[in-house]
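# Structural characterization, general
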Amino acid sequence: MSTLSVKKVGTGFLLEYGNIRLAFDAGIKGETTLLSHSHSDHIGGLTRAAHIIATQATFDTWFARNANAFENKIILRVGDMFGQIGVNITLLNAGHVLGSTMFHLEFDDGLTVLYTGDFNNVDSFVHKAAKPVEADVLITEATYGTPEWIFPDRRGVYDNILDAATTSLDEGKIPVFNAYSLGKSQEAIALLQSGGFRVVSGNMSIDRICKVYKDHGVDLRHQSLKSINVSDILDSGAVIVSSSIKHTIETARNVLDRKTSRRLELNTERFSLSGWTLGKYSERGFPLSAHSDFQGLLEFAEAVKPRVTYVFTEKAHLFAKHLSEVGINAVPLE
Ligand SMILES: [Zn+2]
């Protein structure tokens, strides 16, 4: 059996096994990249890759935000298996953002590897939960890889977000929910519209990604800040989802009447939608995360039953320690 090597390279990793070299979430000249999703911390140097394997939605969200064309795409669906010399690659749903996948590799000699990318093990309004599959080697994220990060039940978080929107509107304020533009914003928009709110998106970057979600069949019915009647909509009571409040206010100054744009500057109630809001020094908001929490990461790793686990992201060494404590051989990739 050959020796497996996994090394951090740029925004991702290079796996080497015998003569096979595969990159995950980073472009390496002459190599094939397996792209889990298109958040900016996973797409470094992608255009250098010889080929990129990803879902259509991942390519679409990448192009929507980065305006890069890329010729050598290998477009696969969740559940598809792709064979190349020495290894079969299967895409599995990661539950993180539209089109996000994990990759399960099976080498000719039987060795199996599961790369998670970023993943969420609970269902959300717009994304289905990631499910573990067994593998000899697990390469996992550990964004929330320490025990203080246990998220409350998602339904309860949703209820709290909807209650906050109602309360702010009742007080005559404009509720603004701050969420990153790929994934979280679309979840927030879908949730708020399901609660009967009219939703205005605060940034073009959100609009561009919403278009991709809609093209892939997700029902999103928001207005852009640049829509003609948006001042009336905000006057009659609407919520804003923004990935950058600063940019939202700048755009509002240019496109809205003075009264509404001043209201947006001075009379909003702002909430951050992020797992990090659970932290001690957090911004005001709600712990809505697109990642698994500590318990989720641990249960997922246990279900994979790996002989060895490589752990990445900032808390890698801490999560590796926790895995070792429950008998899972783990190595941080830092
Ligand atoms: Zn991500």
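As shown above, the structure is provided for reference.
To keep things clear, this report deals only with the structure shown in the data block. (Residues numbered from 1 in each chain as written. Predicted model: local features only at pLDDT ≥ 70, side-chain atom pairs only at ≥ 80, totals over all residues.)

### Observations regarding the packing of helix α6 (residues 245-255) against helix α7 (residues 258-266)
- It is the contact of α6 with α7, at a shortest axis distance of 8 Å, that shows an interaxial angle of 165 degrees. Between α6 and α7, the interaxial angle falls into the category roughly antiparallel. Remark: the crossing between α6 and α7 carries left-handed chirality. Residue-level inspection shows Ile249, Ala252 and Arg253 of α6 in contact with α7, the latter providing Ser261, Leu264 and Glu265. (Axes fitted to C-alpha atoms, helices over the stretch in contact; angles between N-to-C directions. Helix = DSSP H or I, 4+ residues; strand = E, 2+ residues; numbered from the N terminus. Parallel < 35°, antiparallel > 145°, perpendicular 65-115°, else oblique. Left-handed = near helix turned anticlockwise from the far one by under 90°. Contact = placed C-beta atoms within 7 Å.)

### Re the sheet that holds strand β5 (residues 51-54)
- Within the open sheet, the six strands sit side by side as β1-β2-β3-β4-β5-β6. Their pairing is mixed. What marks the edges here is a single partner per strand, and that holds for β1 (4-9) and β6 (73-75). Taken pair by pair, the neighbouring strands of this sheet meet at an average axis angle of 25 degrees, ignoring direction.
- By the bridge criterion, five bridges tie strand β2 (residues 12-17) to strand β3 (residues 20-24) in an arrangement that is antiparallel. Its bridge partner being in β3, glutamate 16 is matched across the sheet by arginine 21. (Pairing = 2+ DSSP bridges.)

### Quick word on unusual backbone geometry
- Of note, aspartate 25 is a non-glycine position whose phi angle comes to about 55 degrees, a positive value.
- With respect to the helices and strands, aspartate 25 occurs in the loop between β3 and β4 (32-34).
- Aspartate 25 gets classed as buried once you count the C-beta atoms within 10 Å, which come to 27. (Buried ≥ 20, exposed ≤ 12 C-beta atoms within 10 Å, placed from the backbone.)

### Remarks on helix α8 (residues 294-304)
- Among the residues of α8, those classed as buried are Phe294, Gly296, Leu297, Leu298, Phe300, Ala301 and Val304.
- Residues of α8 that are buried sit in contact with β10 (112-115), β11 (137-141), β18 (308-312) and α9 (316-325).
- One or two steps after α8, the chain reaches lysine 305, where phi turns positive at roughly 55 degrees.

### Looking at the sheet that holds strand β8 (residues 87-93)
- Spatially, β7-β8-β9-β10-β11-β18-β19 is the arrangement adopted by the seven strands of the open sheet, whose pairing is mixed. Of all strands in the sheet, those with a lone pairing partner are β7 (81-84) and β19 (330-332), marking the two edges. Going across the sheet, the axis of each strand differs from the next one's by a mean of 20 degrees, ignoring polarity.
- For β18 and β19, the ladder comprises three bridges, and the chain directions are parallel. Looking at the pairing, tyrosine 310 lines up with valine 331 of β19.
- In the packing of α8 onto the sheet, contacts are made with β10, β11 and β18, and the angle to β11 comes to roughly 165 degrees.
- With respect to the sheet, α9 is in contact with β18 and β19, its orientation differing from that of β19 by roughly 170 degrees.

### Some details on the packing of helix α1 (residues 56-66) against helix α4 (residues 204-215)
- The N-to-C vectors of α1 and α4 enclose an angle of 155 degrees; their axes lie 9 Å apart at closest approach. When the interaxial angle is binned, α1 and α4 end up roughly antiparallel. Remark: the crossing between α1 and α4 carries right-handed chirality. In this structure, α1 uses Ala57, Asp60, Thr61, Ala64 and Arg65 to contact α4, whose residues at the interface are Ser205, Arg208, Ile209, Val212 and Asp215.
- For the contact of α1 with α4, the class distribution of residues is four nonpolar, two polar and four charged. (Nonpolar A, V, L, I, M, F, W, Y, C, P; charged D, E, K, R; others polar.)

Taken by themselves, the reported measurements are silent on function.
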